[in-house]
Amino acid sequence: MDTVPRITADYTGPQARRGPVTMGQANMARCVLRDPPLHMNFRVTKRLPGRRSLPAVAEAIGRLLSRHEGLRATIHSGVQVVAGSGSLPVGVHDAGTGLADEVAEDVGLRMQGTRFDLEGELPIRAAVITEDGEPRLVVFVLPHTSVDAIGLAVLMREWERLIRGVAVPAPYPMQPLDLATAEGTPVALRRTEAALRHWEDGLRRAPQSMFTVDETADADAIRPRLRIRSAPAAKALEAVASRTGASRSAITLAALGVLIGLWNTQRTCVIASLASNRVRPELRDYVGPLAQDALITTELDVHTFDEAVRRFRGASLSGYQHSRFDSTALWEVIEAVNAERGVNFARDCVFNDMSGVTGSAPEPAPAAEVECDWLPEASLPAHLALWANQLTEVVDLTLWIDPRVMNREQAEGFGTGLARLLIAAGDGDVQACDITNISGISPIERDADWIYTDSCWVSLRSVERLVGEAVQGGPHLVTHTPDGLLTCHVTSGTAEEIHAACLALLPGRTAAMAPHRYVVHAPAPTGASPYGPVLTEGDGRPSTSRCPSRVSNQ
């Protein structure tokens, strides 16, 4: 990227340090190095107050880095190296007259779309946008290894004070290296072990996905976004909270889960809810990645909405309690469960309550009972996600939806139906049998190709295609019993080889699963059937695929 001229933001910390990474850093480093940069890099554009010179902007950026070790740390194979002092290059882009916002968008997208070099680059990028030489905007880009959404909000609050010359408190005592030390204590390690057990239990009984798509993974994952606003829904949340003792967040999560289950005729709901993991006072203003997924698995066989709220409340409390984990150990658990069940767990439904974190400018209340507006598309690797922006006075939600599972008309119906369910629940407990009429949401139709097995809806055609690719077009036949047992008949390979090939092809194909059993036949020398006598059979699962109970001591 050509930037003329460049300025430098000089920083000086108390000292250079090195040590283990935190669990959050380790988890995010894996993702930053693997996933598309637009998914893993935050971008924020801040307008400069009044007249600020380039040296003043550079000084404020340098002070920001001086305060936070996580912004001065490079990561080398599980070790973070914190620079004591140095300089961050800051590009300066002149927009001429009146084009600062457009140039900031272009520059920011280019910075955000470039993968961070975690070993050779500080985890922050900055650029200044000028108009006729006068600084107007600053664009920041940070990877998930240095901040999560709340950490970024903390950082930007500090920035607003620093650029205005307002005094800021001393740096919060908990820096990433300090947290890494705390995570290595015996008490912390026992909690991490408990988190792995929670995940293993949930993964063994949950569907691999709440939505079924027979395609490979969507790398770009550009999603339409629908904003849903309702003042009556906010009033209803207060009434339901008073009646059930659940939080507004848990009630909104329950409505989401119930409607996803209704849409997909699913008996068990699994949702990944982002947990801030900032319960302890010393972590409230921590600048670093703390947020991790809370696995929320809930049975949907309820008679009323209030009963669903209580179930989701309990499941979410347990999920949040077990949302601090060693990502390497967790992936071992996920892969072991996947191999045993013949599935590929998909993080395809996500809930994120940001209502207590993000501030927003005052807006007029929506004129209609439920108001929907489409926002610009954005990247998010999930089939459906719900962001709760505000839950008091006005319910303000953002629904991200994969167009492969809902078109825009269906998404509007889903978002509106969610708000209407909340509004109805405010008047009293809603019977489960009435939710379809209240929300306007009906189950999707499934023909005879679909079977329900091991908590998953599975398309037999999708399984046939999966097995056909696994055996590279060789003879294959998939049969099933009334209880959903899938058996694969082939004429080459071993059960272990075919099962491994099926697992490798599963990501993205949430309508398929690997067969439960494999029967290998000798090729028939003549006749209409290609299958001769049975040579061998088995489930193809590794005999050592039981989930590990291990946490790496960082």
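Bear in mind that the values here come from a model prediction, so they are computed numbers and not experimental data. (Residues numbered from 1 in each chain as written. Predicted model: local features only at pLDDT ≥ 70, side-chain atom pairs only at ≥ 80, totals over all residues. Heavy atoms only, no water.)

(A) Structural view of the pattern of salt bridges. Counted according to the given criterion, the structure contains 35 salt bridges. The partner of glutamate 134 in a salt bridge is arginine 51, and the shortest N-O contact between them spans 3.4 Å. Within this pair, whereas glutamate 134 is found in strand β8 (residues 134–143), its partner arginine 51 is found in the loop between β3 (41–47) and α3 (54–67), the two being separated by 83 residues in sequence. The class of arginine 51 is exposed, set by a relative accessible area of 65%. Residues participating in the shared-partner salt-bridge network are Arg17, Glu69 and Asp178. (Salt bridge = Lys/Arg side-chain N within 4 Å of Asp/Glu carboxyl O. Helix = DSSP H or I, 4+ residues; strand = E, 2+ residues; numbered from the N terminus. Buried < 20%, exposed > 50% of the residue type's maximum accessible area, 1.4 Å probe, protein only.)

(B) The state of the cysteines, seen in detail. Counted according to the given criterion, the structure contains zero disulfides. With no disulfide of its own, cysteine 372 lies closest to cysteine 349 among cysteine sulfurs, the gap being 19 Å. Residue cysteine 372 is classed as partly exposed on the basis of its relative accessible area, which comes to 24%. (Disulfide = S-S within 2.5 Å.)

(C) Inspection of the environment of serine 66 at higher detail. Assignment of secondary structure puts serine 66 in helix α3. It is 37 Å that separates the C-alpha atoms of serine 66 and tryptophan 400, two residues lying 334 residues apart in sequence. If sequence neighbours within four positions are ignored, serine 66 has contacts with Tyr11, Thr12, Gly13, Pro14 and Arg72. A polar contact of 2.9 Å, which involves the side chain of serine 66, links it to the backbone nitrogen of threonine 12. (Contact = heavy atoms within 4.5 Å. Polar contact = N/O pair within 3.5 Å; in protein donor to acceptor, adjacent residues only side chain to side chain.)

(D) Representation of the sheet that holds strand β20 (residues 517–523). The sheet built from four strands is open, its strands ordered β18-β19-β20-β21 with mixed pairing. The sheet is open, and its two borders are formed by β18 (476–480) and β21 (531–538), each paired with just one other strand. Across the sheet, the mean angle separating the axes of adjacent strands is 25° when strand polarity is ignored. Bridging between strand β19 (residues 486–490) and β20 involves four bridges; their strand directions are parallel. From the neighbouring strand, threonine 487 faces β20, where its bridge partner is arginine 517. The sheet contacts of helix α14 (residues 460–470) involve β18 and β19, and relative to β18 the element is tilted by about 145°. Packing of helix α15 (residues 495–505) onto the sheet brings it into contact with β19, β20 and β21, and relative to β20 it is tilted by some 125°. (Pairing = 2+ DSSP bridges. Axes fitted to C-alpha atoms, helices over the stretch in contact; angles between N-to-C directions.)

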